[in-house]
Amino acid sequence: MSENIYDNPDFFNSYSQMERSKKGLEAAGEWHTLKEMLPDFTGKRVLDLGCGYGWHSVYAAEQGATSVTGVDISEKMLQVARAQTNLEAVEYLHEDIEKVRFEKDSFDIVISSLVFHYVEKFDELVKKVHHFLKANGTFIFSIEHPVLQQRVRKTLFTMKMEISFLFRSITILIQVKERFTFWVKI
């Protein structure tokens, strides 16, 4: 994940002009579908991987999460998140999501939105999430559409999905409106 284009001043300036950056979740195309898939946050400990401006972290806290930890590699993104977050339940960590460490069973819910296309070793990240997540916890994320990423990366997109949780499900948002759940074994 060590790729961090968001601290590049030119890129960050352009990113900050996007509607989703100015208006938050309501302006994010995937939000309305992702929101329907989210579990009840009441009384839960939440991890937001690649939290960016902190929109999802704040949402989880506003929905009753007892604690939310947002992790992002970009200090510029975290500066914005900290400046616009005034909730005690939310904390932000400046860390690469592939390197961050937490104790076993630290979180009830792990969320991430539009970040995993930066991850180099997806299977290793999911194994880490498995470690962080309590039994019967929820891991939910949205991803960039692989075809759209082809134009940016100019490489063949492959994602090996032979990872995950013994007797746990992974719910994936693909594109903006399609949802499926599958079971896999570690």
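The preceding data block contains the structure.
So, here is what we can say about the structure in this document. Here the structure is a predicted model, which means the values were calculated and not measured.

Definitions and limits used
Residues numbered from 1 in each chain as written. Predicted model: local features only at pLDDT ≥ 70, side-chain atom pairs only at ≥ 80, totals over all residues. Heavy atoms only, no water. Helix = DSSP H or I, 4+ residues; strand = E, 2+ residues; numbered from the N terminus. Buried < 20%, exposed > 50% of the residue type's maximum accessible area, 1.4 Å probe, protein only. Contact = heavy atoms within 4.5 Å. Areas by Shrake-Rupley, 256 points an atom, 1.4 Å probe, with all protein chains shown as cover. Polar contact = N/O pair within 3.5 Å; in protein donor to acceptor, adjacent residues only side chain to side chain. Core = buried A, V, L, I, M, F, W, Y, C linked by side-chain atoms within 4.5 Å.

## Overview of the overall build of the chain
Here is step 1 of the chain: Each helix and strand counted, the chain has seven helices and seven strands in total.
Here is step 2 of the chain: Put simply, the chain runs from its N terminus to its C terminus through helices and strands in the order α-α-α-β-α-β-α-β-β-α-β-α-β-β.
Here is step 3 of the chain: Residues counted as buried form 47% of the 186 residues belonging to the chain.
Here is step 4 of the chain: Of the contacts formed within the chain by residues at least 6 apart in sequence, a portion of 61% connects residues at least 24 apart.
Here is step 5 of the chain: Only carbon and sulfur atoms are counted for the fraction: they give 50% of the accessible area of the chain, which is about 10100 Å².

## Considerations on the environment of Gln-17
Here is step 1 of the chain: Its location among the elements puts Gln-17 in the loop between α1 (9-16) and α2 (19-23).
Here is step 2 of the chain: Reaching out from Gln-17, the side chain makes a polar contact with the side chain of Ser-16 at a distance of 3.4 Å.

## Side note on the nonpolar core
Here is step 1 of the chain: Within the largest apolar cluster, 22 residues are counted, with the highest numbers of intra-cluster contacts made by Trp-31, Leu-38, Phe-41, Val-46, Val-68 and Tyr-92.
Here is step 2 of the chain: Elements with a minimum of two residues in this core: α3 (31-37), α4 (55-62), α5 (75-84), β3 (90-94) and β4 (107-113).
Here is step 3 of the chain: Ranked by residue count, the leading element in this core is α4, at four residues.
Here is step 4 of the chain: Ignoring anything within four residues of it in the chain, the contact list for Phe-41 reads Val-46, Tyr-59, Ala-60, Gln-63, Gly-64, Ala-65 and Ile-109.
Here is step 5 of the chain: Among the nonpolar cores identified, the runner-up in size contains 20 residues, and Phe-102, Val-115, Phe-141 and Ile-143 belong to it.

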